[in-house]
Number of protein chains: 2
Amino acid sequence: MRISAKADYALRALIELAHATEAPLRSEAIAAAQDIPHKFLEAILTDLRKTGFVTSQRGGDGGYRLRRAPEEVQVAHVLRAIDGPLTEIRGGCPEDATYNERASALQLVWVALRVNIRNILEGVTLAHLAAGSVPKEVAELTEDPEAWRTHWIIR
Amino acid sequence: MRISAKADYALRALIELAHATEAPLRSEAIAAAQDIPHKFLEAILTDLRKTGFVTSQRGGDGGYRLRRAPEEVQVAHVLRAIDGPLTEIRGGCPEDATYNERASALQLVWVALRVNIRNILEGVTLAHLAAGSVPKEVAELTEDPEAWRTHWIIR
DNA sequence: AGTTTCCCTATAAAGTCGATAGGGATCAAT
DNA sequence: ATTGATCCCTATCGACTTTATAGGGAAACT
């Protein structure tokens, strides 16, 4: 699972917007708050506008606002909009991957993998993130110290 | 989670090798059996040899053999060797991702996500795949019809 | 020797990633 | 109507990754 800088920036920008409920937030202010290159962030905000996550207002008191309620915005929604499908096998979706008889079990692996990825990313919303917390089931997974260890590549 | 063609080919090649226990298997034979471009597969087998998954033998009756017992080779091992770390946030590991206070919950999401990815990919071995099956916990996840549905990107 | 097979290096087109730059369009306030 | 702020659009760019293809060298076996 590769989370691009773009997707990471997008989520952080949305978190900032979730905190600014009264007035629109300028892209420059978001960039400063989250230490994101301003022009790069502008491109990301354009994507978020086109995909319906934010609205924009030009002019003196302009800026960006959330368009949807934070409780309704899943992390999965944002990642799909910015990075594309959560799970991709050779450029296609898991259920389209075709194998000969000997390798057929691979498809089950990819489908189960997608389930487990969705179980995290569809369960966490922008409201959770803005509140600085995650759902209990997600938090429990992070309690095992092993969860924080890197498993190195065998060489 | 993006599974590259290379990683998919690598797993399929290893499955073929798991079935050929008596004699070495030529790269050409593997390529034909799994419909993989031959020269591309040769490069992949070189990677698999350098990372200790296979051994090779040149000459008339040469070819490739598994170097490790299929029960000990996890899908996660192969993916890490071919595609790099399973979970990567902006080019680094989840535990190295740093956020300001407002966005700090994001790190928990990435760590939990990695746990769920590992729970699938470290649980399935080459022995499972070669037998055409997956562990019960993995199989159960694929039984829900919802697991086979694509969740489209919001536009 | 000769044949077979792996092994190594080079090449390459296409696409993605992470930006940067410049200026145009629009809005609100004056 | 002017001004200034802000978003918006297009273009560009270098580095890297992906998915290969091609040609021949090195080693092993008969």
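If you look chain A up in an unreviewed UniProt entry, it shows as Transcriptional regulator, BadM/Rrf2 family from Pseudonocardia oroxyli.

Undergrad: Give a description of the protein's contact with DNA strand C that names residues and reports values.
TA: Near DNA strand C, the surroundings consist of 24 residues, among which Lys39 and Arg58 of chain A together with Arg26, Ser27 and Ser56 of chain B are the closest. Considering DNA strand C, the proportion of its atoms within 4 Å of the protein that are sugar or phosphate atoms stands at 71%. Backbone polar atom of Ala5 of chain A to a phosphate oxygen of DNA strand C: 3.5 Å apart, as the coordinates give it. Note that a sugar or linking oxygen of DNA strand C is positioned 3.2 Å from one of the backbone N or O atoms of Gly59 of chain B. Contributing elements (two or more residues each) for the surface near DNA strand C: helix 1 (5–19) and helix 3 (38–50) of chain A together with helix 3 (38–50), strand 2 (54–57) and strand 3 (63–66) of chain B. Looking at the surface near DNA strand C residue by residue, the class counts come to 6 nonpolar, 9 polar and 9 charged.

Undergrad: Tell me what's going on with the interface of chain A and chain B, and back it up with residues and numbers.
TA: Residue-level contacts link 69 residues of chain A with 69 residues of chain B. Of the roughly 6,200 Å² buried between chain A and chain B, counting both surfaces, carbon and sulfur atoms make up 63%. Per-residue buried area on chain A facing chain B is highest for Met1, Arg90 and Arg102 of chain A; these three make up 12% of the total on that side. Applying the counting criterion to the chain A and chain B interface returns 4 salt bridges. In this structure, the salt-bridge partner of Asp8 of chain B is Arg90 of chain A, at a minimum N-O distance of 3.9 Å. Between the two partners, chain A and chain B, sit 32 residue pairs in polar contact (both at pLDDT 80 or more). When residues of the side of chain A that touches chain B are traced back to their parent elements, those giving at least two are strand 1 (2–3), helix 1, helix 2 (27–34), helix 4 (75–83), strand 4 (88–89), helix 5 (105–121) and helix 7 (136–141) of chain A. Here the residues of the side of chain A that touches chain B are counted per class, giving 37 nonpolar, 16 polar and 16 charged. As paired strands, strand 1 of chain A and strand 4 (residues 88–89) of chain B are joined by 2 bridges and run parallel to one another. Along strand 4 of chain B, the bridge assignment pairs Ile3 of chain A with Ile89 of chain B.

Undergrad: Account for the packing of helix 1 (residues 5–19) of chain B against helix 4 (residues 75–83) of chain B, with residues named and values stated.
TA: Residues and elements named next belong to chain B. Helix 4 packs onto helix 1 with a crossing angle of 135° between their chain directions and a minimal axis gap of 9 Å. What the angle tells us is that helix 1 and helix 4 run oblique. Read as a crossing pair, helix 1 and helix 4 show a hand that is right-handed. Residues Lys6, Ala7, Ala10, Leu11 and Leu14 of helix 1 touch helix 4, and the partners they reach there are Val75, Val78, Leu79, Ile82 and Asp83.

Undergrad: Tell me about the environment of Ala112 of chain A, and name the residues and values.
TA: Among the secondary structure elements, Ala112 of chain A is positioned in helix 5. For Ala112 of chain A, the contacting residues outside a window of four places in its chain are Ile120, Val138, Leu141 and Thr142 of chain B.

Conventions and cut-offs
Residues numbered from 1 in each chain as written. Chains lettered and ligands numbered in written order. Predicted model: local features only at pLDDT ≥ 70, side-chain atom pairs only at ≥ 80, totals over all residues. Heavy atoms only, no water. Near = heavy atom within 4 Å. Polar contact = N/O pair within 3.5 Å; in protein donor to acceptor, adjacent residues only side chain to side chain. Helix = DSSP H or I, 4+ residues; strand = E, 2+ residues; numbered from the N terminus. Nonpolar A, V, L, I, M, F, W, Y, C, P; charged D, E, K, R; others polar. Contact = heavy atoms within 4.5 Å. Buried area = accessible area lost by both parts, 1.4 Å probe. Salt bridge = Lys/Arg side-chain N within 4 Å of Asp/Glu carboxyl O. Pairing = 2+ DSSP bridges. Axes fitted to C-alpha atoms, helices over the stretch in contact; angles between N-to-C directions. Parallel < 35°, antiparallel > 145°, perpendicular 65-115°, else oblique. Left-handed = near helix turned anticlockwise from the far one by under 90°.

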